[in-house]
Amino acid sequence: MSTINKNFPYGRLIFFVTENAHKFNEARSVLAEYNVAVAMIKMRTLEVQDDDIENIARIRVLQAVREVNLPVIVEDAGLFIDALGGFPGPYSSYVYRKIGLGGILKLLNGVNDRSAKFKSVVAFCDPNNNLKCFHGIVEGRISLEARGSGGFGFDPIFEPNESPGKTFGEMTTEEKCRFSHRARALREFAKWYRSWQA
Ligand code: IMP
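What you are looking at is a predicted structure, and each value in this text was computed from that prediction instead of being measured.

Quick word on the overall build of the protein chain
Secondary structure assignment for the protein chain yields five helices and seven strands. Sequence-ordered secondary structure for the protein chain, helices as α and strands as β, is β-α-β-α-β-β-α-β-β-β-α-α. Whereas a compact globule of 198 residues would reach a radius of gyration of roughly 16 Å, the protein chain reaches 17 Å, a difference of no more than 12%. By its C-alpha atoms, the protein chain is 60 × 30 × 25 Å across when sized along the principal axes. Taking all 198 residues of the protein chain together, 52% fall into the buried category. Within the protein chain, one finds 26 positive and 23 negative side-chain charges whose respective centroids are separated by 3 Å.

Spelled out as structure tokens, the structure:
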């Protein structure tokens, strides 16, 4: 990977290509800790199917950088439930759309092991094709019922181990970002981005 152009015109600014305003708000909250400003580019990228969310993120970030010709990040995430062999994992958005929270709770009806994790990959790429991926994980469990109206997706049924008894859906963005998979991946990205530009 080449070093960054010292005349890089964007300073500590990054463009987040996503259609999800919740993800963008989480990124803004986390990246502010590192004085990295983030702008949202609302654009759909083709989501290929692959067992590995890093592969999905890599393909999406290459597509995004080709379209906008700016330094960008994309993020791909999934919910991995131990008792279901890691399902829905990379198929999380499809499963969420098709069976929702109720469907997941039904699949776990009577199951004692409710452990699960969220995984996130933040993929960065600039117009010179410098591509790098950052990972974040949060371990927790699937609650017995949906609780809270905050956040998005599976937030109302996921209790992180750091906050037993409280789902992501019951937290503010700032609280969720203390432990979330996405916040962890974004922090790794921010540390690297700052040093890369130093
Ligand atoms: P995506 O493909 O990265 O947008 O994520 C796939 C799906 O996983 C989303 O549609 C959500 O249902 C779920 N998901 C990903 N991250 C989160 C999160 O932070 N909270 C709740 N659900 C999430």
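More follows now that the structure is in view.
Description of the site of the ligand
Around the ligand, a shell composed of 16 residues is seen, among which Lys23, Ala77, Asp155, Lys176 and Arg182 lie nearest. Residue lysine 23 places a side-chain N or O atom 2.6 Å away from an oxygen atom belonging to the ligand. Lysine 176 places a polar side-chain atom, nitrogen or oxygen, 2.8 Å from an oxygen atom of the ligand. Burial of the ligand by the protein chains amounts to 91% of its free accessible area of 470 Å². When residues of the shell around the ligand are traced back to their parent elements, those giving at least two are β3 (72-81), α3 (92-107) and α5 (181-197).

Describing helix α2 (residues 53-68)
Helix length check: α2, at 16 residues, gives a terminal C-alpha distance of 22 Å against a target of 22 Å (1.5 Å per residue), a fit within 8%. Turning to α2, its buried residues are Ile53, Glu54, Ile56, Ala57, Arg60, Val61, Gln63, Ala64 and Val65. With a side-chain oxygen lying 2.9 Å from the backbone nitrogen of glutamate 54, the N-terminal cap of α2 falls on aspartate 52. Residue asparagine 69 follows α2 closely and has a positive phi angle near 55°.

Conventions and cut-offs
Residues numbered from 1 in each chain as written. Predicted model: local features only at pLDDT ≥ 70, side-chain atom pairs only at ≥ 80, totals over all residues. Heavy atoms only, no water. Helix = DSSP H or I, 4+ residues; strand = E, 2+ residues; numbered from the N terminus. Rg over C-alpha atoms; globule rule 2.2 N^0.38 Å. Buried < 20%, exposed > 50% of the residue type's maximum accessible area, 1.4 Å probe, protein only. Lys, Arg positive; Asp, Glu negative; His and termini not counted. Charge placed at Lys NZ, Arg CZ, Asp CG, Glu CD. Near = heavy atom within 4 Å. Polar contact = N/O pair within 3.5 Å; in protein donor to acceptor, adjacent residues only side chain to side chain. Areas by Shrake-Rupley, 256 points an atom, 1.4 Å probe, with all protein chains shown as cover. Expected span 1.5 Å × (residues − 1).

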